[in-house]
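What the coordinates show
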Amino acid sequence: KNQVEQSPQSLIILEGKNCTLQCNYTVSPFSNLRWYKQDTGRGPVSLTIMTFSENTKSNGRYTATLDADTKQSSLHITASQLSDSASYICVVRGSGTASKLTFGTGTRLQVTL
Amino acid sequence: DTGVSQDPRHKITKRGQNVTFRCDPISEHNRLYWYRQTLGQGPEFLTYFQNEAQLEKSRLLSDRFSAERPKGSFSTLEIQRTEQGDSAMYLCASSEGTGASQPQHFGDGTRLSIL
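Residues numbered from 1 in each chain as written. Chains lettered and ligands numbered in written order. Predicted model: local features only at pLDDT ≥ 70, side-chain atom pairs only at ≥ 80, totals over all residues. Heavy atoms only, no water.

1. Let's talk about the sheet that holds strand β8 (residues 75-79) of chain B
All names here are of chain B. Counted only if it meets this: The pairing criterion for strands is at least two bridges between them, as found by DSSP. Under the DSSP-based scheme used, a helix requires at least four consecutive residues in state H or I and a strand at least two consecutive residues in state E, with every element numbered from the N terminus. Geometry is summarised by axes, namely lines fitted to C-alpha atoms with helices restricted to the contacting stretch, and by angles between N-to-C directions that run from 0 to 180 degrees.
Strand order across the open sheet formed by four strands is β1-β3-β8-β7, with antiparallel pairing between neighbours. Two strands lie at the open edges of the sheet, namely β1 (5-7) and β7 (65-68), each paired on one side alone. For this sheet, the mean inter-axis angle between neighbouring strands, taken without regard to orientation, is 15°.

Here it is in structure tokens:
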């Protein structure tokens, strides 16, 4: 069964600190991996999309890494801001299935003063 | 580009009633998706359209659920004879083209509460 597991489930950090969120997946065959940010009561917003051949991709203070051999990804947030408080969802798309994305349950990040 | 728009944002109804949600995708996006999200969970795929054709439906989409995209632009999702378990956020997303790496752009969802 295709699954995406994220850790930690929730995280509290001080403003200005860095943090790393983890994603492990079993989706196969693999096409790409996406990280989304979802604010409370809003729809998810795409941060990065990485294909098999990409090891790292940055979007501002967000840097995602992918190890397709171990089926692991991480999202690193640098110099966190209060506005980073949100759920971060890891999503994996398999190949050969045009529509299906497998979503993780997300990591709930809270940035405090 | 005004993004994906969903209407209404909130819907409260009694069990057994029918409800209909609307989604307006980003213009010229030919793919449109419906998802359901419950509290603390990631979105679950319900169905998707390429233009006006409904190409795939999840097993989650029971006979009480129906989706349409009659002219390949906006889409509606109808739930008949609503049940308590239908309470969730219903998200719509759209994407451009057919490439595997096209990002899906999500609306802010319709939150359905069944009394």
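2. Quick word on the layout of surface pockets
Put simply, the test is: A cavity here means a set of 1 Å grid points, computed over protein atoms only, where a 1.4 Å probe fits but cannot escape. A pocket is an open set with protein on both sides within 12 Å along at least 5 of 7 lines, and lining residues have an atom within 4 Å of a point. Grid points are joined across faces, edges and corners, and a volume is the space filled by probe spheres set on the points. For this classification, Asp, Glu, Lys and Arg are treated as charged, while Ala, Val, Leu, Ile, Met, Phe, Trp, Tyr, Cys and Pro are nonpolar and the rest, including Gly, are polar.
Reported here for the largest pocket is a volume of approximately 840 Å³. Lining the largest pocket are 26 residues, with K1, N2, L101, T102 and F103 of chain A sitting closest to its centre. Mapped onto the lining of the largest pocket, the elements with two or more residues apiece are β1 (4-7) and β10 (101-103) of chain A together with β5 (44-50) of chain B. Residue contributions to the lining of the largest pocket peak at three residues, all from β10 of chain A. Split into classes, the residues belonging to the lining of the largest pocket amount to eight nonpolar, 13 polar and five charged. Volume-wise, the second largest pocket comes out at about 410 Å³. Looking at the second largest pocket, it is lined by 19 residues, and the ones nearest its centre are Q38 and S87 of chain A together with Q37, L39 and G40 of chain B. Elements supplying a minimum of two residues to the lining of the second largest pocket: β9 (86-94) and β11 (107-112) of chain A. Partitioned by chemical class, the residues of the lining of the second largest pocket number three nonpolar, twelve polar and four charged.

3. Regarding unusual backbone geometry
Let me state the cut-off plainly: Residue exposure (1.4 Å probe, protein chains only): buried if accessible area is under 20% of the type maximum, exposed if over 50%, otherwise partly exposed.
Across the junction of S7 of chain A and P8 of chain A, the peptide omega takes the value -10°, indicating a cis bond. Considering the arrangement of structural elements, one finds P8 of chain A in the loop between β1 and β2 (10-14). Here the bond from S28 of chain A into P29 of chain A is cis, since omega is -10°, no more than 30 degrees from zero. Positive phi values are uncommon outside glycine, yet E28 of chain B reaches one of about 75°. Mapped onto the elements of the fold, E28 of chain B is located in the loop between β3 (19-24) and β4 (31-37). Accessibility expressed as a relative area gives 75% for E28 of chain B, which makes it exposed. Phi at N51 of chain B is positive, roughly 55°, even though this residue is not glycine. Note on placement: N51 of chain B falls in the loop between β5 and β6 (53-57).

4. A short note on the interface of chain A and chain B
So the rule is basically this: In this analysis, two residues are considered to be in contact whenever any of their non-hydrogen atoms come within 4.5 Å of each other. What gets called buried area is simply the loss in accessible area from a 1.4 Å probe that two parts show on being joined, summed for both. Salt bridge, as applied in this entry: a Lys or Arg side-chain nitrogen positioned within 4 Å of an Asp or Glu carboxyl oxygen. The definition of a polar contact used here is a pair of N or O atoms within 3.5 Å, where within protein one atom must be able to donate a hydrogen and the other to accept one, and adjacent residues in sequence count solely through side-chain atom pairs.
In this assembly, 21 residues from chain A lie in contact with 23 residues from chain B. When chain A packs against chain B, close to 1700 Å² is buried across both sides, 49% of that on carbon and sulfur atoms. Our enumeration of links across chain A and chain B arrives at one salt bridge. Between R42 of chain A and D108 of chain B there is a salt bridge, with the nearest N and O atoms lying 2.8 Å from each other. The interface formed by chain A and chain B includes six residue pairs in polar contact (both at pLDDT 80 or more).

5. A closer look at the confidence of the model for chain B
Where we set the bar: pLDDT runs from 0 to 100 and stands for how confident the predictor is about each residue.
Within chain B, residue pLDDT values average 92, and 99% of them lie at 70 or more. Of all secondary-structure elements in chain B, the lowest mean pLDDT belongs to β6 of chain B, at 89, while β3 of chain B reaches the highest, 98.

6. Quick word on empty space enclosed by the protein
Empty space left among the atoms is revealed by rolling a probe the size of a water molecule over them. In total, this model carries one cavity of 30 Å³ or more according to the counting rule given. In this structure, the largest cavity occupies an estimated 40 Å³ of space. Taken together, R34 and R93 of chain A together with R31, Y33, S95, G97, T98, G99, Q102 and Q104 of chain B make up the lining of the largest cavity.

7. What to know about the state of the cysteines
Covalent bonding between the sulfur atoms of two cysteines is what defines a disulfide. Test applied: Disulfide assignment relies on a single distance test, namely cysteine sulfur atoms paired within 2.5 Å.
Overall, the coordinates contain two disulfides over all chains when judged by the stated rule. Each sulfur of the disulfide joining C23 of chain A and C90 of chain A lies 2.0 Å from the other. Judged by the sign of its S-S torsion, about -70°, the cystine formed by C23 of chain A and C90 of chain A is left-handed. Residue C23 of chain A is found in strand β3 (residues 19-25), and its partner C90 of chain A is found in strand β9; the two are separated by 67 residues along the sequence. On the accessibility criterion, C90 of chain A (0% relative accessible area) is buried. Put simply, C23 of chain B and C92 of chain B are joined by a disulfide, and their sulfur atoms are 1.9 Å apart. On the sign convention where negative is left-handed, the bridge of C23 of chain B and C92 of chain B, at about -70° about the S-S bond, is left-handed. Residue C23 of chain B is found in strand β3, and its partner C92 of chain B is found in strand β9 (residues 88-95); the two are separated by 69 residues along the sequence.

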